[in-house]
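# Secondary and tertiary structure notes
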Amino acid sequence: MSRIKDTLERIRSQGRKALIPYITAGDPQPDVTVGLMHALVKAGADVIELGVPFSDPMADGPVIQLACERALKHGTGLWDIIDMVAEFRKTDGETPVVLMGYLNPIEMRGVAAFAERAARAGVDGVLIVDLAVEEADEYLPALRSQGLDCIFLLAPTSPAERIEAVARQASGYLYYVSLKGVTGAVSLDVASVAEKLQEIRRFTKLPLAVGFGIRDAASARAVGAVADAVIVGSALVAEIEKHQNEPSTLPGRLAEKLAPLREALDKGN
């Protein structure tokens, strides 16, 4: 059983909802990332999504685009990020870590080499934003052979045929994009999210995690009422941007930002 599956099944059996924060690796500087990961866990994170900075993050809004720019300015590369996970694993062998990014950095290094190195470092899953399910057969065997979960995105516009195709290939959890647009958007219609999740559940028993548009305790509680997991990214990355010149304060600031969401999810059940 994968670390992601084990964690999310345990949380589900407890009648709880999972909290999955996202940060961009290397932002605001590489030596801060591991400390931020530990701080998020202490504040209630169940899984961590670690963004791989890319020069053209087309699914991301300006907040995460700027985070990628800051990380790339310091030369943060894919192997560096895998080394960060290995460092994190020295003292945390339980919290699942998902690398979230784009196909180009993986292709540049070779998917087999990436999968082997990522698994050895303690990465649990991979979410490749621009990997279409129709093209996944070229990449998934190498990832699966190393025990990496392959997480896919679904959107409000995903038709039933596509949901079914994605559900056949996915493992770990499914990431449902709660609204049309890019990360950091604000209009969140929870009733529409609930309706779409009900449709998706016809095709899979995987946990359904919802991201995009979740920024505070109220939105986390509302989405947690209908989803298995809540993903928060831009709100945390914006906090990093705001205090990027005070890196020593960031672990505490992110913990303060995340803790109310943890409390809201727990009280919502």
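Please read these numbers as outputs of a predicted model, since none were measured by experiment.

Parameters at a glance
- Residues numbered from 1 in each chain as written.
- Predicted model: local features only at pLDDT ≥ 70, side-chain atom pairs only at ≥ 80, totals over all residues.
- Heavy atoms only, no water.
- Core = buried A, V, L, I, M, F, W, Y, C linked by side-chain atoms within 4.5 Å.
- Buried < 20%, exposed > 50% of the residue type's maximum accessible area, 1.4 Å probe, protein only.
- Helix = DSSP H or I, 4+ residues; strand = E, 2+ residues; numbered from the N terminus.
- Contact = heavy atoms within 4.5 Å.
- Pairing = 2+ DSSP bridges.
- Axes fitted to C-alpha atoms, helices over the stretch in contact; angles between N-to-C directions.
- Expected span 1.5 Å × (residues − 1).
- Arc of directions from axis to C-beta.
- pLDDT = per-residue confidence, 0-100.
- Parallel < 35°, antiparallel > 145°, perpendicular 65-115°, else oblique.
- Nonpolar A, V, L, I, M, F, W, Y, C, P; charged D, E, K, R; others polar.
- Salt bridge = Lys/Arg side-chain N within 4 Å of Asp/Glu carboxyl O.
- Phe/Tyr/Trp six-rings, centres within 6.5 Å; stacked < 30°, edge-to-face > 60°.
- Lys NZ or Arg CZ within 6 Å of the ring centre and 35° of its normal.
- Right-handed = clockwise from strand over helix to strand, strands pointing away.

## Points about the nonpolar core
The biggest cluster of nonpolar side chains holds 66 residues, and the ones touching the most others in it are Leu50, Leu99, Phe114, Leu143, Phe152 and Leu174. Ranked by residue count, the leading element in this core is helix 4 (residues 78–89), at six residues. In this view, Leu174 contacts Phe152, Leu154, Val166, Ile200, Thr204, Leu206, Pro207, Leu208 and Ala209; residues no more than four positions away in its chain are not counted.

## Comments concerning the sheet that holds strand 3 (residues 97–101)
Reading across the sheet, the nine strands line up as 5-4-3-2-1-9-8-7-6 and stay open at both edges, with parallel pairing between neighbours. With one partner strand each, in any of the chains shown, strand 5 (149–151) and strand 6 (153–154) form the two edges of the open sheet. Across three bridges, strand 1 (residues 18–24) lies against strand 2 (residues 48–51) in parallel orientation. Each residue of the ladder has a partner; that of Tyr22, found in strand 2, is Glu49. Sheet contacts for helix 11 (residues 234–242): strand 1 and strand 9 (229–232); angle to strand 1, the most-contacted strand, approximately 40°.

## Describing helix 3 (residues 62–73)
Look at helix 3: 16 Å from first C-alpha to last across 12 residues, which is about the 16 Å you get at 1.5 Å a residue. The complete set of buried residues in helix 3 reads Ile64, Ala67, Cys68, Arg70 and Ala71. One side of helix 3 holds all its buried residues, which, seen down the axis, span an arc of 165°. In helix 3, the exposed positions angled more than 90 degrees off the buried face are occupied by Pro62 and Lys73. Gly75 sits one or two positions beyond helix 3 and adopts a positive phi of about 75°.

## Section: the confidence of the model for the protein chain
When pLDDT is averaged across the protein chain, the result is 92; 95% of the residues are at 70 or more. Contacts from residues 181–185, a stretch scored under 50 in pLDDT, to residues over four places away or in other chains number 17 contacts.

## Some points on the packing of helix 4 against helix 6 (residues 111–121)
For the pair helix 4 and helix 6, the least separation of the axes is 8 Å and the interaxial angle reads 20°. Classified by the angle between their axes, helix 4 and helix 6 sit roughly parallel to one another. Of the residues in helix 6, those in contact with Leu78, Trp79, Ile82, Asp83, Val85, Ala86 and Arg89 of helix 4 are Ala113, Phe114, Arg117, Ala118 and Ala121. Of the residues assigned to the contact of helix 4 with helix 6, the class counts are nine nonpolar, no polar and three charged.

## Concerning the pattern of salt bridges
Throughout the structure, instances matching the rule amount to 16 salt bridges. Here Glu134 ties to Arg162 by a salt bridge, and the two come within 2.5 Å at their closest N and O atoms. On the criterion of sequence distance, the pair formed by Glu134 in the loop between strand 4 (125–128) and helix 7 (140–145) and Arg162 in helix 8 (residues 160–169) is long-range, its members being 28 residues apart. The salt bridge involving Glu246 is made with Arg253; its shortest N-O contact spans 3.9 Å. Residues participating in the shared-partner salt-bridge network are Arg3, Arg89, Asp92 and Asp124.

## Observations regarding the packing of aromatic side chains
Within this structure, the stated rule accounts for two aromatic pairs. Taking 6.1 Å as the distance between ring centres and 90° as the angle between the ring planes, the aromatic pair formed by Tyr175 and Phe212 counts as edge-to-face. Remark: Phe212 occurs in the loop between strand 8 (208–211) and helix 10 (217–224) and Tyr175 occurs in strand 7 (residues 174–177); sequence separation between them is 37 residues. Of the two residues, Tyr175 and Phe212, neither departs from the other in class, the shared state being buried. The ring of Trp79 has Arg109 sitting right over it, with the charged end atom 5.9 Å from the ring centre.

## Quick notes on the pairing of strand 8
Residues Leu208 and Val210 of strand 8 are buried on one face, and the alternating residues Ala209 and Gly211, pointing to the opposite face, are buried as well. Examined bridge by bridge, strand 8 and strand 9 share two bridges and lie parallel to one another. Bridge assignment links Ala209 to a residue of strand 9, and that residue is Ala229. Handedness of the strand 8-helix 10-strand 9 crossover: right-handed.

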